[in-house]
Amino acid sequence: MTQYTLEATVRRPYDETVEAVRGELATAGFGILTEIDLKATLKAKLDVDVPPQVILGACRPQLAHQALQADPSIAALLPCNVVVRAVDDTTTVVEAFDPDTMMSIAGEAGDTLRAVATDARQRLTAALAALEDN
C-alpha cells in the first residue's frame, strides 16, 4: 500500500482534537482556508451516518506562493488537506497529505518545489508530533 499521508493517533475526543489541530497548524504557520464536515455532508446528501470527520484545507501562503512560482499547475494540489477523524469516544486520528507525495506527482519541478515540500513536511510533522505529545 502506498503511504501518502502523515498520521497521528490522539488519545482525546474528536471535538477537542479538532481544536488542538487548528492550534497546532496555526503554530506551524498554516491558516485554514476551507473546512468540509464529512459527517454532515454525507448525512445531508446520502442520508448515511458516519463517524465525525472533517477535512481542513490548510495553507501557508509563503509556501503556496513559492510552489506556484515553481509550477503554476501545483495549484491543483493546494491547499494541504488535514483530516481529523473520530475512531471512538476517546481516540481520534489526524492525517495530513504528505508533501513528499506532491513531489512524486510533480515530477521534475526543481529545487524550489523540493524546498517547499520539505518545509511543509517538517511543519506538518511537528504539528502532528505536538498533538501526540499533549
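It should be noted that the structure appears before, not after, this text.
Described below are features of the structure shown in this document. By convention here, each chain's residues receive numbers from 1 onward along its written sequence. Totals for whole chains, interfaces and linings use every residue, but because this is a predicted model, local features are given only for residues with pLDDT of at least 70 and side-chain atom pairs only at 80 or more, for both listing and counting. For the side-chain quantities, the full set of heavy atoms in the structure was used; hydrogens and water were omitted.

## Describing the overall build of the chain
When helices and strands are counted, the chain shows five helices and five strands. Secondary structure elements follow DSSP: runs of H or I of four or more residues count as helices, runs of E of two or more count as strands, with numbering from the N terminus. For the chain, the N- to C-terminal ordering of α and β elements is β-α-β-α-β-α-β-β-α-α. Atoms considered for the radius of gyration are the C-alpha atoms alone. The globule rule reads 2.2 Å times the number of residues to the power 0.38. The C-alpha atoms of the chain give 15 Å as radius of gyration, which agrees with the globular expectation for 134 residues (14 Å, within 12%). Counting only residues that meet the buried cut, the chain has 39% of its 134 residues in that class. Contact definition: two residues touch when any of their heavy atoms are within 4.5 Å. Within the chain, counting contacts between residues at least 6 apart in sequence, those at least 24 apart form 67% of the total. Here the chain displays about 7500 Å² of accessible surface, and carbon together with sulfur accounts for 53% of that area. When accessible area is computed with a 1.4 Å probe and restricted to protein chains, residues below 20% of their type maximum are described as buried, those above 50% as exposed, and intermediate ones as partly exposed. With residues, only the protein chains shown are counted as cover, and all accessible areas are computed by Shrake-Rupley using a 1.4 Å probe.

## Quick word on the state of the cysteines
What we call a disulfide is simply a covalent bond connecting the sulfur atoms of a pair of cysteines. By definition, disulfides here are pairs of cysteine sulfur atoms that lie within 2.5 Å. Scanning the entire structure with this criterion turns up zero disulfides. Left unpaired, Cys59 is separated from the closest cysteine sulfur, that of Cys80, by 9.5 Å. You can call Cys59 buried: its relative accessible area is 15%.

## Things to note about the environment of Arg11
Mapped onto the fold, Arg11 is located in the loop between strand E1 (5–10) and helix H1 (14–27). Residue Arg11 is classed as exposed on the basis of its relative accessible area, which comes to 66%. In this structure the C-alpha to C-alpha distance between Arg11 and Val48, which are 37 residues apart in sequence, comes to 26 Å. Setting aside residues up to four positions removed in sequence, Arg11 forms contacts with Thr90 and Thr91.

## Concerning the side chain of Gln53
Here Gln53 lies in strand E3 (residues 53–59). Using a relative accessible area of 18% as the deciding quantity, one classes Gln53 as buried. Non-local contacts of Gln53, meaning those with residues more than four positions away in its chain, are made with Tyr14, Ile36, Asp37, Leu38, Lys39, Val83, Val84 and Arg85.

## So, the sheet that holds E1
Across a sheet, paired strands are connected by hydrogen bonds in the backbone, their directions being either parallel or antiparallel. Two strands pair under a simple rule: DSSP has to find at least two bridges between them. Read across the open sheet, the five strands follow the order E1-E5-E4-E3-E2; overall the sheet is antiparallel. Single-partner strands in this sheet number two, and they are E1 and strand E2 (31–37). Sheet twist, expressed as the average angle between the axes of neighbouring strands with direction ignored, equals 20 degrees. Judged from the six bridges that link them, E1 and strand E5 (residues 92–97) form a sheet pairing that is antiparallel. Among the inter-strand pairings, Leu6 is bridged to a residue of E5, identified as Ala96. Axis definition: a line fit to C-alpha positions, over the contact stretch in the case of helices; interaxial angles, taken between N-to-C directions, run 0 to 180 degrees.

## Focus: the side chain of Thr92
Structurally, Thr92 can be placed in strand E5. A polar atom in the side chain of Thr92 sits 3.5 Å from the side chain of Thr17. In this structure Thr92 touches Ala8, Thr9, Val10, Arg12, Pro13, Tyr14, Thr17, Val84, Arg85, Ala86 and Val87, once residues within four positions along its chain are discounted. Under this definition, polar contacts are N or O atom pairs within 3.5 Å; protein pairs additionally need one hydrogen-donor-capable and one acceptor-capable atom, and for neighbouring residues in sequence, both atoms have to be side-chain atoms.

Everything listed here is a matter of coordinates, which is why it stays silent on function.
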